[in-house]
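One letter stands for each residue in the lines below.
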Amino acid sequence: MGGSATGGAGRAHVPVLIVGGGQAGLSVAYHLDKAGIRNVVLERHAMFHSWRENRWDSFCLVTPNWQCRLPDFSYADYGGTDPHGFMVKGEITDYLMAFAERARPNIREGVEVTGVTRLPDGRFAVDTTDGTTNGGWTADQVVVATGGYDRPIEPQYARALDRSIFQMHSREYRNPEQFPEGGVLIVGTGQSGVQLMEDFVRAGRKVHLAVGPAPRSPRMYRGRDATDWLYDAGHYEMTIDEHPDPAKALGQTNHYMSGRDGGKEIDLRRWHVEHGVELYGTVADMDGTTIAFLPDLKKNLDDADRSYLGIRSQIDAYIAKEGIDAPLEPRFEKVWEPVDKVLQVDAREVGITSVLWAIGFRADYSWLQVDVFDRQGKPKHHRGVTEVPGIHFLGLGWLNTWGSGRFLGIDEDSRYLAAAIARQLAEAGKLATA
């Protein structure tokens, strides 16, 4: 909201500059606007680009619609009529655009931030591709709301795979029609990998799945969605500071399940038995048409089931504690156990003509030349506030709670961060002129 003052050396100045025009960036902008603090959002593509362009055709939410809680604009505020359903790609972008129309952020789209450095006076020089600001901006505060999906992860050995075998990363995937005839090896069993597996099975394609260490979750349990039970039990209120194993929480892949067809849980053993999905351990190497796997299939399946049963036990304990009358569930039984350890296959012999990588992304902070990172290159912060006054992060997983980085927690996180920014501006004597 509002214009920009002159920042010296031909640059424009703004009290708060937000990098990233997704739900995180627009949420903190909303709370800053409510506090009367001028800000500008810079987005290198267009608002909500990743939702529009980097999701496959059949994509839908994994968490129920009621968890969509943007600032002063929940799913119910939006007029949603299916709180326990799961919005599909187009519905999600419609919801986000409705929020943007209400929030009316001061956003500049098609502007990439190429560098952020700290000036001697404590302000930040922000270099951009925006020619209208004579080389960039200066800002008292910078919010990094770019998320962690900059660089698709593809291991080095992928380059050693025979060139006749088609390869694609999940970011470019839209539907099975992009792939040549024949079997597909999907690498990774996080939320993306298992949903892409279902896409290919529905298309009548032969699927080979490299099973990683991702945990899984029940969908419906004892009459309700598992996430409803966990919410009522206060599970999502636990902060990273309260978590018994913060390192595990920060490093763990999301539990896999699906929101498709009204929601379902994913038991990979059943997909092998009922749909013929071939299961292997983690991919270890590739050379020509040879693909090698680690001997960890049984362990990864067992670990996923252990997570699944652990969540059921948490819910059982909550139901017992509160004296809730809820239907019982049958005892979990494994429908299949891997007998032979398949540690190597020849892609041609088993009919694999393509590989779909679904093993995640890495953030790219190379443009942020401020000392706010640990030895692994990850941001050091508490609830998004770093030790360098004026540099903040938003939209990261477990920024504060499980809901951080998701629709459920973004309002709380962005409100907290906006208040922290206001305090820092006030301490620097800049709040009144913001």
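Quick caveat: nothing in here was measured; it's all calculated off a predicted structure.

1. Digging into the overall build of the protein chain
Here's step 1: Check the secondary structure of the protein chain and you find 10 helices and 22 strands.
Here's step 2: Computed over C-alpha atoms, the radius of gyration of the protein chain comes to 23 Å, within 12% of the 22 Å expected from 2.2 N^0.38 for 434 residues, which places it in the range of a compact globule.
Here's step 3: Projected onto its principal axes, the C-alpha positions of the protein chain cover 70 × 60 × 40 Å.
Here's step 4: Burial analysis of the protein chain (434 residues in total) assigns 52% to the buried set.
Here's step 5: Pairs at least 24 apart in sequence give 70% of the contacts found in the protein chain among residues at least 6 apart.
Here's step 6: As displayed, the protein chain offers around 19700 Å² of accessible surface, 48% of which is attributable to carbon and sulfur atoms.
Here's step 7: Each charge sign in the protein chain was given a centre, from 48 positive and 59 negative side chains, and these centres are 2 Å apart.

2. Examining the sheet that holds strand β16 (residues 278-280)
Pairing between the strands of a sheet comes from backbone hydrogen bonds, and it takes one of two forms, parallel or antiparallel.
Here's step 1: Pairing is parallel across the open sheet formed by five strands, whose spatial order is β11-β20-β12-β13-β16. In the strand order of this sheet, the two ends are held by β11 (166-169) and β16, each with one partner. The mean angle between the axes of side-by-side strands here comes to 20 degrees, regardless of whether they run parallel or antiparallel.
Here's step 2: Sheet topology note: the β11/strand β20 (residues 352-357) ladder contains four bridges and is parallel. From the neighbouring strand, His169 faces β20, where its bridge partner is Trp357.
Here's step 3: Along the sheet, helix α4 (residues 191-202) makes contact with β12 (183-187), β13 (207-210) and β20, crossing β12 at roughly 170 degrees.

3. Regarding the pairing of β20
Here's step 1: With five of its six residues buried, β20 lies for the most part within the structure.
Here's step 2: Pairing geometry for β12 and β20, over five bridges, is parallel. Bridged to Ile186 within β20 is Leu356.

4. Let's talk about the nonpolar core
Here's step 1: Ranked by internal contacts, the top residues of the largest apolar core, which has 92 residues, are Met197, Leu268 and Leu368.
Here's step 2: A total of seven residues in this core trace back to one element, the largest contributor, which is helix α10 (residues 410-427).
Here's step 3: Apart from residues no more than four positions distant in its own chain, Leu368 is found in contact with Val116, Val144, Phe373, Ile391 and Phe393.

5. Topic: the environment of Met168
Here's step 1: Relative to the assigned elements, Met168 resides in strand β11.
Here's step 2: Overall, Met168 belongs to the buried group, its relative accessible area being 12%.
Here's step 3: Setting aside residues up to four positions removed in sequence, Met168 forms contacts with Glu154, Tyr173, Gln178, Phe179, Val355, Leu356 and Trp357.

6. Thoughts on helix α1 (residues 23-34)
Here's step 1: Taking 1.5 Å as the rise per residue, α1 with 12 residues should run 16 Å; its terminal C-alpha atoms sit 17 Å apart, in good agreement.
Here's step 2: Burial within α1 is extensive, with 11 of its 12 residues counted as buried.
Here's step 3: Of the positions making up α1, those classed as buried are Gln23, Ala24, Gly25, Leu26, Ser27, Val28, Ala29, Tyr30, His31, Leu32 and Asp33.
Here's step 4: Gly36, located one to two residues past α1, shows a positive phi value of around 75 degrees.

7. Structural notes on the confidence of the model for the protein chain
Regions with low pLDDT should not have their predicted coordinates read in detail.
Here's step 1: Across the protein chain, the average pLDDT comes to 95, with 96% of residues at or above 70.
Here's step 2: Considering only residues more than four positions removed or in separate chains, one finds that residues 1-6, a stretch of pLDDT under 50, has 19 contacts.

8. A closer look at the packing of α4 against helix α7 (residues 268-275)
Here's step 1: Direction vectors running N to C along α4 and α7 enclose 10 degrees, while the axes themselves pass 12 Å from each other. Put simply, α4 runs roughly parallel to α7. Taking contact as the criterion, the partners of Val194, Met197, Glu198 and Val201 in α4 are, on α7, Leu268, Trp271 and His275.
Here's step 2: In terms of residue class, the contact of α4 with α7 is made up of five nonpolar, one polar and one charged.

9. Overview of the packing of aromatic side chains
Here's step 1: Within this structure, the stated rule accounts for 23 aromatic pairs.
Here's step 2: Seen in terms of ring centroids, Trp56 and Phe59 are 5.1 Å apart; in terms of plane orientation they differ by 80 degrees. Their pairing is edge-to-face. For the pair Trp56 and Phe59, a shared accessibility class is recorded, and that class is buried.
Here's step 3: When the ring of Phe373 is compared with that of Phe393, the centres are 6.3 Å apart and the planes differ by 70 degrees; the resulting orientation is edge-to-face. In this pair, Phe373 is assigned in the loop between β21 (361-362) and β22 (391-393) and Phe393 in strand β22, connecting sequence segments 20 residues apart. When sorted by exposure, Phe373 lands in the same class as Phe393, which is buried.
Here's step 4: Members of the aromatic cluster, joined through ring pairs, are Tyr30, Trp51, Trp56, Phe59, Phe73, Tyr78, Tyr95, Phe99 and Phe407.
Here's step 5: Against the face of Trp51 rests Arg55, its NZ or CZ located 4.1 Å from the ring centre.
Here's step 6: A cation over a ring is seen here: Arg224 above Trp229, with NZ or CZ 4.6 Å from the ring centre.

10. Thoughts on the pairing of β12
Here's step 1: Within β12, five of the five residues are buried, which leaves it mostly tucked inside the rest of the structure.
Here's step 2: Residue alternation in β12 divides its side chains into two sets, Gly183, Leu185 and Val187 and Val184 and Ile186, and both sets are buried.
Here's step 3: Running through α4, the crossover from β12 to the neighbouring parallel element β13 is right-handed.

11. Details of the sheet that holds strand β18 (residues 290-293)
Here's step 1: The antiparallel open sheet is built from three strands, whose spatial order is β17-β18-β19. Each edge of the open sheet is held by one strand with a lone partner, namely β17 (283-287) and β19 (344-346). Pairs of neighbouring strands in the sheet enclose a mean axial angle of 15 degrees, with direction left out of account.

12. Section: the state of the cysteines
Here's step 1: Scanning all chains against the criterion turns up zero disulfides.
Here's step 2: Distance from the sulfur of Cys60, which forms no disulfide, to the nearest cysteine sulfur (Cys68) is 12 Å.

13. Remarks on the environment of Asp302
Here's step 1: Relative to the helices and strands, Asp302 resides in helix α8 (residues 297-322).
Here's step 2: Residue classification places Asp302 among the buried residues on the basis of a relative accessible area of 12%.
Here's step 3: Measuring from C-alpha to C-alpha, the distance between Asp302 and Pro215 comes to 9.5 Å, with 87 residues separating the pair along the chain.
Here's step 4: Residues in contact with Asp302, not counting those within four places in the same chain, are Arg269, Lys334 and Glu337.
Here's step 5: Of note is the side chain of Asp302, whose polar atom sits 2.9 Å from the side chain of Lys334.

What counts, and where the lines are drawn
Sequence order as written defines residue numbering, which begins from 1 separately in each chain. Local features are withheld for residues below a pLDDT of 70 in this predicted model, meaning they are given only at 70 or higher, and side-chain atom pairs are given and counted only at 80 or more; totals for whole chains, interfaces and linings count all residues. To obtain the side-chain values, all non-hydrogen atoms of the structure were used and water was disregarded. Each helix is a run of DSSP H or I of at least 4 residues and each strand a run of E of at least 2, with the numbering of both proceeding from the N terminus. Using C-alpha atoms as the atom set, the radius of gyration is obtained and then compared with a globule rule of 2.2 Å times the number of residues to the power 0.38. Partly exposed residues are those whose accessible area sits between 20% and 50% of the maximum for their type, while under 20% is buried and over 50% is exposed, using a 1.4 Å probe and protein chains only. Two residues qualify as a contact provided that any one of their heavy atoms is within 4.5 Å of a heavy atom in the partner residue. Only the protein chains shown count as cover for residues, and all accessible areas are computed by the Shrake-Rupley method using a 1.4 Å probe. Positive charges are assigned to Lys and Arg, negative charges to Asp and Glu, while His and the chain termini are left out of the count. For this purpose, a charge sits on NZ of Lys, CZ of Arg, CG of Asp or CD of Glu. Paired strands, as defined in this entry, are two strands with at least two bridges between them according to DSSP. Between the N-to-C directions of two axes lies an angle of 0 to 180 degrees, each axis being a line fitted to C-alpha atoms and, for a helix, fitted only over the stretch in contact. Definition used in this section: a nonpolar core is a set of buried Ala, Val, Leu, Ile, Met, Phe, Trp, Tyr and Cys residues joined via side-chain atoms within 4.5 Å. A helix is expected to reach a length of 1.5 Å times the quantity of its residues less one. Per-residue confidence from the predictor is reported as pLDDT, which spans 0 to 100. Every angle not falling under 35 degrees, over 145, or within 65 to 115 is termed oblique; those three ranges are roughly parallel, roughly antiparallel and roughly perpendicular. Residues are grouped as follows: Ala, Val, Leu, Ile, Met, Phe, Trp, Tyr, Cys and Pro are nonpolar; Asp, Glu, Lys and Arg are charged; all remaining types, including Gly, are polar. Any Phe, Tyr or Trp ring, taking Trp's six-membered ring, that has another such ring centre within 6.5 Å forms a pair; planes under 30 degrees apart are called stacked, those over 60 apart edge-to-face, and the others tilted. We call a charge positioned over a ring when the NZ of a Lys or the CZ of an Arg lies within 6 Å of the ring centre and within 35 degrees of the ring normal. A clockwise course of the path from the first strand over the helix to the second, judged with the strands pointing away from the viewer, identifies a crossover as right-handed. We call a pair of cysteine sulfur atoms a disulfide when they lie within 2.5 Å. A 3.5 Å cut-off defines polar contacts: any pair of N or O atoms within that distance qualifies, except that in protein one atom must be a possible hydrogen donor and the other a possible acceptor, and neighbouring residues in sequence count only when both atoms are side-chain atoms.

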